[in-house]
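# Topology and contacts: notes
What follows is each chain in one-letter form.
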Amino acid sequence: MPGLLRGVARTAVVAGTATAVSNRVSRRQAGRWAQQDYGQQQQYQQQPPAPAPAPPGDDMSTKIEQLKQLGDLKAQGVLTEEEFEAQKRNLLAT
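The text that follows walks through the structure, step by step, so that each part is easy to find. All chains use their own residue numbering, which begins from 1 and follows the written sequence. With the structure being a predicted model, the display of local features is reserved for residues of pLDDT at least 70 and the display and counting of side-chain atom pairs for 80 or more, all residues being used for whole-chain, interface and lining totals. Side-chain measures were taken over the full set of non-hydrogen atoms in the model, leaving aside hydrogen atoms and water.

## Overview of the overall build of the chain
Here a helix means four or more residues in a row that DSSP labels H or I, a strand means two or more in a row labelled E, and each is numbered from the N terminus. Along its length, the chain carries three helices and zero strands. The linear arrangement of helices and strands in the chain, starting from the amino end, is α-α-α. Exposure is judged per residue with a 1.4 Å probe applied to protein chains only, and the accessible area is read against the type maximum: over 50% gives exposed, under 20% gives buried, and values in between give partly exposed. For the chain, the proportion of its 94 residues judged to be buried stands at 9%. On the chain, roughly 7900 Å² of surface is accessible, and the fraction owed to carbon and sulfur atoms is 59%. Accessible areas in this description were obtained via Shrake-Rupley with a 1.4 Å probe; residue shielding takes into account the shown protein chains only.

## Quick word on helix α2 (residues 59-76)
The span one expects for a helix is its residue count, reduced by one, times 1.5 Å. Taking 1.5 Å of rise per residue, 18 residues should cover 26 Å, and α2 covers 26 Å from first to last C-alpha, within 8% of that figure. Its buried side turned inward, α2 meets α3 (81-93). At the exit of α2 stands Gly77, carrying a positive phi of roughly 90°. For this analysis, residues touch if any pair of their heavy atoms sits within 4.5 Å.

## Description of the environment of Val78
By the secondary structure assignment, Val78 is in the loop between α2 and α3. In this structure Val78 comes out as partly exposed when scored by relative accessible area, which is 45%. If near-sequence neighbours (up to four positions away) are discounted, Val78 is found in contact with Leu73 and Glu83.

## Points about the pattern of salt bridges
A pairing counts as a salt bridge when a side-chain nitrogen of Lys or Arg comes within 4 Å of a carboxyl oxygen of Asp or Glu. Considering all chains together, one arrives at two salt bridges under this definition. As a salt-bridge pair, Lys74 and Glu81 come within 2.8 Å of each other at their nearest N and O atoms. Across the salt bridge formed by Lys88 and Glu85, the nearest N and O atoms sit 3.5 Å from each other. Of this pair, Lys88 and Glu85 both sit in helix α3, three residues apart, which is roughly one turn of the helix.

Okay, structure coming up:
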């Protein structure tokens, strides 16, 4: 009976250690992925969006549509106030 108890205890210790190590590796890997995702988000946010090509048609209605799109991007947080103003100036200057 003492040999059986010792075997069960050893198995419990090994299983507990394996679980702890596995959890630590999982947390560390999740942290690395989170850092990688954050870095990619920063990279995308630093690139200003390319202006949409002007479709053929009425020039004023095209500009109004593009201004609405810029407003939507600003409302979504894709464009900052400065980026929005710069894009608006470029659009109205053409």
